[in-house]
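# A closer look at the structure
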Amino acid sequence: MPEPVERTIRLSIGSRYENIELVQAVLDETLASLPLDEDAGYWMGIALREALTNAMKHGNGLDPEKKVEVCLAVDESGIDITVEDRGSGFDPSAVADPLAPDNLLKTEGRGIFYMRKFMDKIDYDFGAGGGTKVRLQKKFGAAGAAVEADQED
Amino acid sequence: MPEPVERTIRLSIGSRYENIELVQAVLDETLASLPLDEDAGYWMGIALREALTNAMKHGNGLDPEKKVEVCLAVDESGIDITVEDRGSGFDPSAVADPLAPDNLLKTEGRGIFYMRKFMDKIDYDFGAGGGTKVRLQKKFGAAGAAVEADQED
Amino acid sequence: MKIDKRQRDGATILDLQGRITIGEGDVALREAVQAAVADGAVNILLNMGRVRSIDSSGVGELVAAYTTVTNRGGKLRLFSLPGRVLGVLQITQLVTVLDILEDEDEAVASLA
Amino acid sequence: MKIDKRQRDGATILDLQGRITIGEGDVALREAVQAAVADGAVNILLNMGRVRSIDSSGVGELVAAYTTVTNRGGKLRLFSLPGRVLGVLQITQLVTVLDILEDEDEAVASLA
Ligand SMILES: Nc1ncnc2c1ncn2[C@@H]1O[C@H](COP(=O)(O)OP(=O)(O)O)[C@@H](O)[C@H]1O
Ligand SMILES: Nc1ncnc2c1ncn2[C@@H]1O[C@H](COP(=O)(O)OP(=O)(O)O)[C@@H](O)[C@H]1O
């Protein structure tokens, strides 16, 4: 069927890490019909997982009753994801730089950084009613944050 | 993590048959963590696919803009699925029996029958605002509609 | 779904592989049977050995294929059905109507 | 994640298999490294060859393992990194901090 590939899928999941796999399964299935190389989908998946992790952990405090709302909108040109929690928000500009020498050996603080690297654009939106909504966008085929896996030197 | 396995996942998808695979992927991933035999999950998947097909085709007239709302609730004891469309409903009691001799060679009319066979219970609910909501329930481990694949005689 | 066509002892065998489900294998199956009939096939054998899944839509297409072929005086037979496919046909009592054979040799022999 | 432990030339090698991601492999990795250290391991080599995926949580655990082992005067080294795993470490400039070797022989030799 040569219809345009354009899909919007919404998912609502409880705040348990196992549920990340459900969203990953939907992403994989959604991308499967597109002529994307596997690596591109892989990196988007990592970014999405980081967003889900933060929503579940920092936003919803891992309360399985508290839902994370996910929206995946995909067409031939790219992907537009939002992940929303019911937490009390935070100040993204205050997040420490994981590349600062003092932070390099910290065990945390790389999630948002990876999201930015693996997507073209990420935006935070804090509703009046509380909660954090992060939007992740990426054009397919765009160079974006290509990851070069050269052997280290 | 020995927490109780109890999950409710909501999905909202456009009325395109490809989207059935997304829901199937979520079902598979949800059941993967349970000690269910593969066949049991397979038959539930077929019932779910029939419900989605009907919602997309008969309910939403395959309009990709019209959404089907799916809710999967799973715990150790069983699964409870609802599939809701925006159609104008129908009379389930008026649906022809696919086993009637005159219907045996019809090319349609087996979907609801399969749902009933593969689940313990299915119920229809027609909201005041229109639309059809079908609820599919099955206890795990219950004999239910076991399918015996003996060779034919 | 992938469908390969071959001939054996005057019968047309369609080797089906994948899912016969709505929007996917159902259409492919219909087109393959219609094309075989248009090519002059009279007796058609469907090799179901590699059919992973079938839904009511796929079952509908099997019935349609059966009717198409039978109405033209030919025979449509199925062989090597996986348990899950057979189960779906049994429940709707189609095993009593469709001709189902154990394996390819039996299916070919049944036409002799 | 599956983790097997073995010894070679005085080093403890942990063969990791699967995903080092939140709620799953991250905890397993931490426990395996802690158990090895408790068993007296000084130098630990992590065989990453069969790590399919890693997220920031898994990266955090690698850093934690590095710190744990280094603080006790030992060495923690990684070898056989798949491109995707290496990519994630490069982006956060951890390749400059963690000791990453091409393969097992090189990793073992690096401890000599
Ligand atoms: N959805 C969220 N709700 C509240 N706080 C958040 C959220 N996402 C991120 N944060 C804050 O931003 C910080 C940095 O997040 P991140 O870069 O993902 O690293 P990490 O999660 O490892 O701390 C977190 O420690 C947390 O304080
Ligand atoms: N969600 C729905 N909305 C409207 N009509 C429906 C719906 N589901 C089923 N029906 C009606 O019930 C009939 C029988 O459905 P089913 O047993 O699934 O067989 P089939 O879909 O092959 O016709 C359909 O033909 C349709 O008229």
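Residues numbered from 1 in each chain as written. Chains lettered and ligands numbered in written order. Predicted model: local features only at pLDDT ≥ 70, side-chain atom pairs only at ≥ 80, totals over all residues. Heavy atoms only, no water.

### A look at the pairing of strand β2 (residues 11–20) of chain D
All names here are of chain D. With nine of its ten residues buried, β2 lies for the most part within the structure. Sheet analysis places strand β1 (residues 2–8) next to β2, joined by seven bridges and oriented antiparallel. Paired with Ile3 across the two strands is Leu16, which belongs to β2. Strand direction decides the pairing type here: β2 and strand β3 (residues 44–54), joined by eight bridges, are parallel. Bridge pairing links Asp15 to Asn47 in β3. Regarding topology, helix α1 (residues 25–38) serves as the crossover connection from β2 to the parallel β3, and that connection is right-handed. (Buried < 20%, exposed > 50% of the residue type's maximum accessible area, 1.4 Å probe, protein only. Helix = DSSP H or I, 4+ residues; strand = E, 2+ residues; numbered from the N terminus. Pairing = 2+ DSSP bridges. Right-handed = clockwise from strand over helix to strand, strands pointing away.)

### Here we look at the interface of chain A and chain D
Counting residues at the interface gives 29 residues for chain A and 29 residues for chain D. A combined buried area of about 2500 Å² lies between chain A and chain D, and 61% of that area is made up of carbon and sulfur atoms. The tally of links between chain A and chain D comes to three salt bridges. Elements with a contribution of two residues or more to the side of chain A that touches chain D: α1 (18–32), α2 (38–59) and α3 (111–118) of chain A. Per element, the largest residue contribution to the side of chain A that touches chain D is nine residues, and it comes from α2(A). The class makeup of the residues in the side of chain A that touches chain D is 13 nonpolar, four polar and twelve charged. (Contact = heavy atoms within 4.5 Å. Buried area = accessible area lost by both parts, 1.4 Å probe. Salt bridge = Lys/Arg side-chain N within 4 Å of Asp/Glu carboxyl O. Nonpolar A, V, L, I, M, F, W, Y, C, P; charged D, E, K, R; others polar.)

### Structural notes on the site of ligand 1
All names here are of chain A. Every one of the 13 residues lining ligand 1 counts as a neighbour, but Asn54, His58, Asp85, Gly109 and Ile112 are closest to it. In this structure, Asn54 approaches ligand 1 through a side-chain N or O atom, which is 2.6 Å from an oxygen atom. In this structure, an oxygen atom belonging to ligand 1 sits 3.3 Å away from a main-chain N or O atom of Gly111. Coverage of ligand 1 by the protein amounts to 81% of the 530 Å² it exposes when considered alone. At the level of elements, α2 and α3 are the ones that each hand at least two residues to the shell around ligand 1. Among the elements that line the shell around ligand 1, the one with the most residues is α2, at three residues. Residue classes in the shell around ligand 1 are distributed as three nonpolar, seven polar and three charged. (Near = heavy atom within 4 Å. Polar contact = N/O pair within 3.5 Å; in protein donor to acceptor, adjacent residues only side chain to side chain. Areas by Shrake-Rupley, 256 points an atom, 1.4 Å probe, with all protein chains shown as cover.)

### A word on the site of ligand 2
Residue and element names in this part refer to chain B. In the neighbourhood of ligand 2, 13 residues make up the surrounding shell, with Asn54, His58, Asp85, Gly109 and Ile112 lying closest. Contact distances for ligand 2 include 3.3 Å between an oxygen atom and a backbone N or O atom of Gly111. A distance of 2.9 Å separates an oxygen atom of ligand 2 from a polar atom in the backbone of Ile112. In isolation ligand 2 offers 540 Å² of accessible surface; the protein chains occlude 82% of this area. Within the residue set of the shell around ligand 2, elements represented by two or more residues are α2 (38–59) and α3 (111–118). Counting residues per element, the shell around ligand 2 draws most heavily on α2, which supplies three residues.

### Examining the pattern of salt bridges
Side chains that differ in charge, positive against negative, can pair when their charged atoms come close. Following the criterion strictly, the structure yields 38 salt bridges over all chains and no others. Between D:Arg19 and A:Glu21 there is a salt bridge, with the nearest N and O atoms lying 3.1 Å from each other. Note that D:Arg19 is positioned in strand β2 and A:Glu21 in helix α1, a pairing that runs across two chains. The same class applies to D:Arg19 as to A:Glu21, namely buried. With its nearest N and O atoms 2.6 Å apart, the salt bridge here joins B:Arg135 to B:Asp80. Of this pair, B:Arg135 sits in strand β5 (residues 132–139) while B:Asp80 sits in strand β3 (residues 78–84); the two residues are 55 residues apart in sequence, bridging distant segments of the chain. Taking the relative accessible area as the measure of exposure, B:Arg135 reaches 35% and is therefore partly exposed.

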